[in-house]
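Notes for the structure review
Now for the letters of each chain:
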Amino acid sequence: MTTGMTGMPAGVPPGREGGAAARSTAAGSTAAPGAAAPTGGAQGHPAPTEVERELAAALAGGGQDAVLDVLARTRLYVLVPRLHADVPDWTAPLPTFRDAASRRICVPVLTPGLLPPWHPEWVFRAVDLGELARIWPYDARRLAVNHGTPLAAQVDAGPRRLKAWRSADARSGAAREGRLLTDATGPLHGPLAHGLALGAHLAVHNGLAWNRLGAVYQDYATDRARLRSPWGIQHRADLRRRLDSLMKCRLVGRVQETVLRSRHTLALRLGRTPTPAEWTEAVDRAFAARDAEDRTEAHGALHRVTRYEERFRADGALAPDGRIDTLAAFDLGRAVNVVRLALGARLTEPHEAEQDVLRLGELARQAYPSWAAFSLGYALARLVHGDDADGTPGEELRYQQSLAQHRILAQAPTSPYRNIPWS
């Protein structure tokens, strides 16, 4: 693919930070041999995410190895016509174009913060540097990163340089996850940002910007696959049914939620948090008419909730007299993720997705009094529903991941939980 549809030159739609005004100047670059050639000035154009800031710093240093290290640590995106992406068991070849300034054949890719607005018929495929090196077109000589934007660069791609790409990819260990990313061009304040922030736990877990509602979540194929499994969503009707269930918190676990609700109801009546014995008795009453399987599951949930709340208190995440009254955050936070996946999979459109996210924000405010309570509710639900037995390495890893995500969102200066009012 050497040209795209009208308004999408060089196989890449115009980025949010510019377009035709920021063309390649690589032919006149004074970069040292082997250095990445900057092809558009980034001055006055703030980088949308940490990825673009790291790339700008590497470009300023003038060394291609530093640029490769940045590229190896992030997802790169290739434009694909949706018609091609939907062909079963076939992967479209990498798009190419001839750069007007350098006269070199280039493969265009975008970093996560420079993806253009959502379009129904154009989607994106995520690639890493190692994969690009393996499938590189024989006649292409440069990788055009963020072509046509003020944060553009070209990277040499001759046979010897591809070896350096593979080395950088091996050093990186793939795209970094477990970090908070904010898109400076996305919603930062207001109801939409509030709703998107409900999904921040998963965004941190996956190393994706928490406040983006646009062209992709991870990439088109992955977004569609993740909707199919575990969510069972293949069509719009499936999506609406699943979102309805999540908005009504029907998937978080009726037994686990009943266990917590029994304590909350008793606390309201007593005017204090019940003792463990009082709570156990309330659970026994609530499940007296249930079958043996439900009763066993209820006592298992009570044990796990008690255990994890004690750990949260010991680690300073939960106040000494604090408690978690509902796991609704898990369904509401995952629902935001499903909306973002559905938008990336083209099973919904931007306005409808925004309305769903706004509705989820309203439901969260009804269920929780604060970001801290919501975050701990999400973390506890993830732990209570964990498949690993208590005391196993898998259970401990899940706990440490959940605690780390909560701390990032509760403490990081750029966290939406510190910058967006709950109500």
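The residue numbers shown here count from 1 along each chain, following its written sequence. For a predicted model such as this one, the threshold for reporting local features is a pLDDT of at least 70, and the threshold for listing and counting side-chain atom pairs is 80 or more; totals across whole chains, interfaces and linings nevertheless cover every residue. As a convention, hydrogens and water are excluded, and side-chain values are obtained from all of the structure's heavy atoms.

Topic: the pairing of strand 5 (residues 122-127)
The buried label applies to any residue whose accessible area, calculated with a 1.4 Å probe on protein chains only, is under 20% of its type's maximum; exposed applies above 50%, and partly exposed to all values in between. The helix count covers DSSP runs of H or I at least four residues long, the strand count covers runs of E at least two residues long, and both are numbered beginning at the N terminus. Within strand 5, five of the six residues are buried, which leaves it mostly tucked inside the rest of the structure. As judged from the six bridges shared by strand 2 (residues 76-81) and strand 5, these two strands associate in the antiparallel manner. Within strand 5, the residue paired with Tyr77 across the bridge is Ala126. Note on pairing: two strands pair once DSSP finds at least 2 bridges between them.

Things to note about unusual backbone geometry
A cis amide bond, omega 20 degrees, links Ser229 with the succeeding residue Pro230. Relative to the helices and strands, Pro230 resides in the loop between helix 8 (220-228) and helix 9 (236-247). Despite not being glycine, Cys249 has its phi angle at roughly 55 degrees, a positive value. Turning to its location among the elements, Cys249 is positioned in the loop between helix 9 and helix 10 (254-270).

What to know about the side chain of Arg75
With respect to the helices and strands, Arg75 occurs in the loop between helix 2 (64-72) and strand 2. Here a polar contact is taken to be a pair of N or O atoms separated by no more than 3.5 Å, where protein atoms must pair a possible hydrogen donor with a possible acceptor and residues adjacent in sequence count only if both atoms sit in side chains. At 3.2 Å, the side chain of Arg75 and the backbone oxygen of Asn206 are in polar contact.

Observations regarding the nonpolar core
Ranked by size, the top nonpolar core spans 72 residues in total, and within it Trp210, Phe312 and Phe374 carry the most contacts. Contacts are assigned to residue pairs with any non-hydrogen atoms lying within 4.5 Å of each other. Setting aside chain neighbours within four positions, we find Trp210 in contact with Leu180, Leu181, Thr182, Pro187, Ala193, Leu196, Ala197, Ala200, Ala203, Arg340, Pro416 and Ile420. The criterion is simple. A nonpolar core is a set of buried Ala, Val, Leu, Ile, Met, Phe, Trp, Tyr and Cys residues joined through side-chain atoms within 4.5 Å. Ranked by size, the runner-up nonpolar core spans 29 residues in total, among them Val127, Leu129, Ala133 and Ala140.

Comments concerning helix 14 (residues 350-367)
With 18 residues, helix 14 ought to run about 26 Å at 1.5 Å a step, and its terminal C-alpha atoms sit 26 Å apart, in line with that. Looking at helix 14, one finds that the buried residues are Glu352, Ala353, Asp356, Val357, Leu360, Gly361, Leu363 and Ala364. Buried residues along helix 14 sit in contact with helix 6 (191-197), helix 9, helix 13 (328-344) and helix 15 (371-384). Near the N-terminus of helix 14, the side chain that reaches the backbone nitrogen of His351, with its oxygen 2.9 Å away, is that of Glu349. Each helix should span, by expectation, one fewer than its residue count multiplied by 1.5 Å.

Section: the packing of helix 15 against helix 16 (residues 393-411)
To get an axis, a line is fitted to the C-alpha atoms, and for a helix only the part in contact is used. The angle between two axes follows their N-to-C directions and goes from 0 to 180 degrees. Interaxial distance between helix 15 and helix 16 falls to 10 Å at its minimum, and their mutual angle equals 165 degrees. The angle between helix 15 and helix 16 places the two elements in the roughly antiparallel class. Both helix 15 and helix 16 take part in a crossing whose hand is right-handed. Contact with helix 15, carried on its side by Ala372, Ser375, Leu376, Ala379, Arg382 and Leu383, involves Arg398, Tyr399, Gln401, Ser402 and His406 of helix 16 and no other residues of that element. A breakdown of the residues in the contact of helix 15 with helix 16 according to their chemical character gives five nonpolar, four polar and two charged. Should an angle fall under 35 degrees it is taken as roughly parallel, and over 145 as roughly antiparallel, whereas 65 to 115 is taken as roughly perpendicular and any remaining angle as oblique. If you view the pair so one helix is near and one far, a crossing is left-handed when the near helix is turned anticlockwise from the far one by less than a right angle, and right-handed when it is turned clockwise. Gly falls in the polar group here, along with every residue not listed as nonpolar (Ala, Val, Leu, Ile, Met, Phe, Trp, Tyr, Cys, Pro) or charged (Asp, Glu, Lys, Arg).

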